[in-house]
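Observations on chain architecture
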There are 2 protein chains.
Amino acid sequence: MAKGTLPSSDSLSAKAPEERRERILRATVDVVRTRGFAGARVSDIAEAAGTSQGLVLYHFHSLAGALDAALTLLEDEFYDDLARDLQEQVGPVERLRHMADLGAGLGPAVGDWRLWLELWVRALHDPDARETRESLDRRWRTALREVIEEGVAAGEFAPSDADAAAIRLASLMDGLAIQLALEDPDMTPERLADLWWDAAALELRMSP
Amino acid sequence: MAKGTLPSSDSLSAKAPEERRERILRATVDVVRTRGFAGARVSDIAEAAGTSQGLVLYHFHSLAGALDAALTLLEDEFYDDLARDLQEQVGPVERLRHMADLGAGLGPAVGDWRLWLELWVRALHDPDARETRESLDRRWRTALREVIEEGVAAGEFAPSDADAAAIRLASLMDGLAIQLALEDPDMTPERLADLWWDAAALELRMSP
DNA sequence: AGGCTATCTGAATGAGCGTTCAGTACATGC
DNA sequence: GCATGTACTGAACGCTCATTCAGATAGCCT
């Protein structure tokens, strides 16, 4: 029934295959988000993308291939989004504040913590995923580190140990986010942002 | 072939069934630890326990039943171990220090962070697991909270907000532990304990 | 027009795995 | 001794699901 709904005559059809591939990739991410890596089926992906199972396997070699590709897409987009998002902020304090909001999912959603949780567990058993998550983590931590250094240079922050502060603040974000992802009754995006912001003020000895 | 290796005559055989059940439960925990919840098979459990698949299903109704039972066992043991462990310490500072070591896996292993990660992801999709993890988290956080209050009463700690400090320190532990569980190259048990201890000193405004 | 290749589909295949089941062994109560 | 129930096993059974495959369709080169 999913047939040539349109005449198919002209230029459009040419770029269709790439579009299709992209759609499948997006669908894969969606499925992982809702069903998890372990629960993702080829049929789920095909249905979400509105294609046949065969096509999923045609473009990516296997289910694992599709999952890997989705992971890569996620990694790239995370990096781009983060970089662009932070670029828009003016000073170190604003950037830091923005990171609190990003982690809380208040700003433009850079990622979805449920997805990160899934990635972590997959990383427990799959070396590829392990590398991806390490890379993602490093990027986030580096971004944080840079903001801190910028703040120190500007005289806004005065951490006793910038390195340790960066690792702790990044880790704190992870830990708080777990509760958010798991819908712990006493955690909300706002509370997360506040808790993290206060910790940052403490760690970095901010003035206000 | 796994036969009556011993005469089987006397008193021993009477308590065998319960022993067997226990063995299967332990085996289940082990399998989850290595293969994860999603990767655990009835055959894995049976093999690890040295029994038939049939017996696993005989004692626990289904694979899910075995996993749930293992989860419950874990929860109970976690609580008992934690309570006993902390009881042995003398003052709030020692207790807090001990919690740092427990989290780092340096003290007597209260739990295994890989298992917690698995639990978190299972909690994303299974309400039972969600409740279990919430309960475990609450216990840990409450224990921390009590140590903090004890320290405040003793004049050792002076947090600006005890509640927030407890949540942050608990969350920080989770976040740091993720890196440990995932064998991030720049995280070791000692480093985790140090990082967390320093954060505690900062949050609680400890003297030394 | 007529092959050639890329894209796509739906059905078939077959492996893996949870669960069921018929049956064995052994202990206990009558 | 015989019946009954509990513990246990190994062999099916049947279902789910990734992967394969034999085409269908349509653009492209000659």
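Keep in mind that what you see is a predicted model, and the values were worked out from it rather than measured. Throughout, residues of each chain are indexed from 1 in the direction in which the sequence is written. Key to labels: chains lettered from A, ligands numbered from 1, both in the order written. This being a predicted model, a pLDDT of at least 70 is required before a residue's local features are given, and a value of 80 or more before pairs of side-chain atoms are given or counted; all residues contribute to the totals for chains, interfaces and linings. As a rule here, side-chain values cover all heavy atoms of the structure and leave hydrogens and water aside.

Next up on the list: the overall build of chain A. Numbering goes from the N terminus for both helices and strands, where a helix is a DSSP run of H or I of at least four residues and a strand is a run of E of at least two. Scanning chain A for helices and strands turns up nine helices and zero strands. Walking chain A from its N terminus toward its C terminus, one meets helices and strands in the order α-α-α-α-α-α-α-α-α. Across its three principal axes, chain A shows a C-alpha extent of roughly 65 × 35 × 30 Å. For each residue, the accessible area found with a 1.4 Å probe, counting protein chains only, is set against the maximum for its type, and the residue is called buried under 20%, exposed over 50%, and partly exposed in between. Among the 208 residues that make up chain A, the fraction classed as buried is 50%. In what follows, a contact means two residues having at least one pair of non-hydrogen atoms within 4.5 Å. Residue pairs in contact within chain A that sit at least 24 positions apart in sequence constitute 66% of those at least 6 positions apart. Each accessible area is a Shrake-Rupley result for a 1.4 Å probe, and residues are judged covered by the shown protein chains and nothing else. Carbon together with sulfur atoms contributes 52% to the accessible area of chain A, which is approximately 10100 Å² in total. Only four residue types enter the charge count: Lys and Arg as positive, Asp and Glu as negative, with His and the chain ends excluded. By convention, charge coordinates are those of NZ in Lys, CZ in Arg, CG in Asp, or CD in Glu. Here chain A holds 23 positive side-chain charges and 38 negative ones, and the gap between their average locations is 4 Å.

Glancing now at the protein's contact with DNA strand C. Only heavy atoms are used to decide nearness, and a residue is near a molecule or strand if one of them lies within 4 Å of it. In the neighbourhood of DNA strand C, 16 residues make up the surrounding shell, with A:Ser52, A:Tyr58, A:His59, B:Arg41 and B:Leu63 lying closest. For this analysis, a polar contact is any N or O atom pair within 3.5 Å, provided that within protein one partner can donate a hydrogen and the other can accept it, and provided that sequence-adjacent residues contribute only side-chain to side-chain pairs. A distance of 3.0 Å separates a phosphate oxygen of DNA strand C from a polar side-chain atom of A:Tyr58. A breakdown of the residues in the surface near DNA strand C according to their chemical character gives seven nonpolar, seven polar and two charged. Residues are grouped as follows: Ala, Val, Leu, Ile, Met, Phe, Trp, Tyr, Cys and Pro are nonpolar; Asp, Glu, Lys and Arg are charged; every other residue, Gly included, is polar.

The next thing to look at is helix α7 (residues 127–153) of chain A. Residue and element names in this part refer to chain A. Multiply 1.5 Å by the residue count of a helix minus one, and that product is the helix's expected span. If you check α7, its first and last C-alpha atoms are 38 Å apart, about what 27 residues at 1.5 Å a residue would give, namely 39 Å. Sitting at the amino-terminal end of α7 is Asp126, which places a side-chain oxygen 3.2 Å from the backbone nitrogen of Asp128. After α7 finishes, the residue Gly155 shows a positive phi value of roughly 80 degrees.

Attention now goes to the side chain of B:Thr28. All names here are of chain B. Position of Thr28 among the secondary structure elements: in helix α1 (residues 12–35). A polar atom in the side chain of Thr28 sits 2.7 Å from the backbone oxygen of Ile24. For Thr28, the contacting residues outside a window of four places in its chain are Ile45, Ala66, Leu67 and Ala70.

All names here are of chain A. The end-to-end C-alpha distance of helix α5 (residues 92–104) is 18 Å, a good match for the 18 Å that 13 residues give at a rise of 1.5 Å each. The buried fraction of α5 amounts to 10 of the 13 residues, a majority that puts the element mostly inside the structure. When α5 is considered as a whole, its buried residues turn out to be Pro92, Arg95, Leu96, His98, Met99, Ala100, Asp101, Leu102, Gly103 and Ala104. Of the surrounding elements, those touching the buried residues of α5 are α4 (63–87), α6 (113–125), α7, α8 (162–181) and α9 (189–204). Positive phi appears at Gly105, one or two residues downstream of α5, with a value of about 80 degrees.

In the vicinity of DNA strand D, 16 residues are found, and the nearest of them are A:Arg41, A:Leu63, B:Arg20, B:Ser52 and B:His59. Of what DNA strand D places within 4 Å of the protein, 83% of the atoms are sugar or phosphate. Residue A:Val42 places a main-chain N or O atom 3.1 Å away from a phosphate oxygen belonging to DNA strand D. Contact distances for DNA strand D include 2.9 Å between a phosphate oxygen and a side-chain N or O atom of B:Ser52. At the level of secondary structure, the elements contributing two or more residues to the surface near DNA strand D comprise α3 (53–59) of chain A together with α1 and α3 (53–59) of chain B. If you tally residues by element for the surface near DNA strand D, the top one is α3(B), at four residues.

Soluble, globular proteins show a tendency: their nonpolar side chains are buried together. With 143 residues, the main nonpolar core has A:Leu96, A:Trp196, B:Leu96 and B:Trp196 as its most contacted residues. With 14 residues, the top contributor of residues to this core is α8(A). Dropping the residues within four chain positions of it, B:Leu96 is found in contact with B:Leu144, B:Val147, B:Phe157, B:Trp196, B:Trp197, B:Ala200, B:Leu204 and B:Met206. Grouping buried Ala, Val, Leu, Ile, Met, Phe, Trp, Tyr and Cys residues that are joined through side-chain atoms within 4.5 Å yields what is termed a nonpolar core.

Residue and element names in this part refer to chain A. Taken as a whole, chain A shows an average pLDDT of 90; of its residues, 90% reach a score of 70 or greater. Values of pLDDT, the confidence the predictor places in each residue, fall between 0 and 100. The secondary structure element of chain A with the lowest average pLDDT is α4, at 93, and the one with the highest is helix α2 (residues 42–49), at 98. Across residues 1–14, confidence stays below pLDDT 50; counting only partners more than four residues off in sequence or on other chains, it has one contact.

A word on unusual backbone geometry. Phi is mostly negative for residues that are not glycine, and the peptide bonds are mostly trans. With a phi angle near 55 degrees, A:Glu183 is a residue other than glycine that sits in the positive phi range. Secondary-structure assignment places A:Glu183 in the loop between α8 and α9.

On to the domain arrangement of chain A, then. All names here are of chain A. By convention here, the domain bounds are inherited from an automatic or database domain assignment. Under the domain assignment, chain A is made up of domain 1 (15–70) and domain 2 (91–208). The centre of domain 1, based on its C-alpha atoms, is set 30 Å off from the matching centre of domain 2. Every contact between the two is made by seven residues of domain 1 and, on the other side, eight residues of domain 2. A simple way to read buried area is as the amount of 1.4 Å-probe accessible surface that goes missing from two parts once joined, with both sides added. Buried surface at the junction of domain 1 and domain 2, summed over both partners, amounts to about 660 Å²; 55% is from carbon and sulfur atoms. The largest share of the area that domain 1 buries against domain 2 comes from Arg33, Phe37 and Asp68, three residues that together contribute 72% of it. Between Lys or Arg on one side and Asp or Glu on the other, a salt bridge is scored when a side-chain nitrogen of the former is within 4 Å of a carboxyl oxygen of the latter. Seen at the junction of domain 1 and domain 2, the total is two salt bridges. Here Arg33 ties to Asp112 by a salt bridge, and the two come within 3.5 Å at their closest N and O atoms. Put simply, domain 1 and domain 2 have one residue pair in polar contact (both at pLDDT 80 or more) between them. The dominant element in the side of domain 1 that touches domain 2, judged by the number of residues it contributes, is helix α1 (residues 16–35), at three residues. When grouped by side-chain class, the residues that make up the side of domain 1 that touches domain 2 number four nonpolar, one polar and two charged.

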